[in-house]
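One-letter residues, chain by chain:
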Amino acid sequence: MKPKSNIYVDIDETICDYEYREDKFNYNLARPIQMNIDKINRLYIQGHLITYWTARGSRTGEDWYEVTKNQLEEWGCKYHFLSVGEKPAYDILICDKSRRIEEI
């Protein structure tokens, strides 16, 4: 069955946060935002193709795939694909198809 739509979801500051701003790049300290995870899980259940997409490690070259995969599993995230370190590190994304988690 063809998915309703192909949705890419950022991880940090979208489905998880950090107690202190200084902790942001210590991904082991990420805390799930369950309300936002639930939103994405609903989209998955509705038949959308979900890819979690993160820039973790794109600047440093450090491999965060296993840590990220384990976090998604621990947090109960439903998804089809995971891309770690392939997303470009940017400060602002300008795109006509972008949505903030608050808009979902």
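Structure first, text after, so check above.
Notes on the structure follow. (Residues numbered from 1 in each chain as written. Predicted model: local features only at pLDDT ≥ 70, side-chain atom pairs only at ≥ 80, totals over all residues. Heavy atoms only, no water.)

For the rest of this paragraph, the subject is the nonpolar core. Residues Ile15, Ile40, Tyr52, Leu72 and Trp75 are the most contacted members of the largest nonpolar core, which totals 20 residues. Only β1 (6–9), α1 (34–45), β4 (49–54) and β5 (81–84) provide two or more residues apiece to this core. It is α1 that contributes the most residues to this core, three residues altogether. Sequence-distant contacts of Tyr52, defined by excluding residues within four places in its chain, comprise Val9, Asp10, Ile11, Ile15, Ile40, Leu72, Cys77, Lys78, Tyr79, Phe81, Leu82 and Ser83. (Core = buried A, V, L, I, M, F, W, Y, C linked by side-chain atoms within 4.5 Å. Buried < 20%, exposed > 50% of the residue type's maximum accessible area, 1.4 Å probe, protein only. Helix = DSSP H or I, 4+ residues; strand = E, 2+ residues; numbered from the N terminus. Contact = heavy atoms within 4.5 Å.)

Next up on the list: the side chain of Thr14. On the secondary structure map, Thr14 appears in the loop between β1 and β2 (16–17). The exposure class assigned to Thr14 is buried, which follows from its relative accessible area of 15%. Engagement of the side chain of Thr14 in a polar contact is seen with the side chain of Asp10, the distance being 3.3 Å. Once residues lying within four places of it in the same chain are set aside, the contact partners of Thr14 are Val9, Ile33, Asn36 and Ile101. (Polar contact = N/O pair within 3.5 Å; in protein donor to acceptor, adjacent residues only side chain to side chain.)

A few words on the pairing of β4. By the bridge criterion, four bridges tie β1 to β4 in an arrangement that is parallel. Within β4, the residue paired with Ile7 across the bridge is Ile50. The pairing of β4 with β5 spans four bridges and is parallel. Within β5, the residue paired with Trp53 across the bridge is Ser83. Viewed along the sheet, the connection from β4 through helix α2 (residues 65–74) into β5 turns out right-handed. (Pairing = 2+ DSSP bridges. Right-handed = clockwise from strand over helix to strand, strands pointing away.)

Mapped onto the fold, Tyr79 is located in the loop between α2 and β5. Taking the C-alpha atoms as reference, Tyr79 lies 16 Å from Met35; in sequence the two are 44 residues apart. Among residues more than four places away in sequence, those in contact with Tyr79 are Tyr44, Ile50, Tyr52, Lys69 and Leu72.

This part is about the packing of aromatic side chains. Tallying each qualifying case throughout the model produces three aromatic pairs. Between the aromatic rings of Tyr8 and Trp53, the centroid separation amounts to 5.5 Å while the plane-to-plane angle is 85°, which identifies the pairing as edge-to-face. Linking Tyr8 in strand β1 with Trp53 in strand β4, this pair joins segments that are 45 residues apart in sequence. The partly exposed category is assigned to Tyr8, whose relative accessible area is 47%. (Phe/Tyr/Trp six-rings, centres within 6.5 Å; stacked < 30°, edge-to-face > 60°.)

Quantified by volume, the largest pocket comes out at close to 1400 Å³. Asp10, Asp12, Thr14, Lys87 and Tyr90 are, among the 37 residues lining the largest pocket, the residues nearest its centre. Elements with a minimum of two residues in the lining of the largest pocket: β1 and β4. For the lining of the largest pocket, the leading source of residues is β1, giving four residues. When grouped by side-chain class, the residues that make up the lining of the largest pocket number 16 nonpolar, seven polar and 14 charged. (1 Å grid on protein atoms, 1.4 Å probe; cavity = no way out; pocket = protein on both sides within 12 Å on 5 of 7 lines; lining within 4 Å. Points joined across faces, edges and corners; volume = space filled by probe spheres on them. Nonpolar A, V, L, I, M, F, W, Y, C, P; charged D, E, K, R; others polar.)

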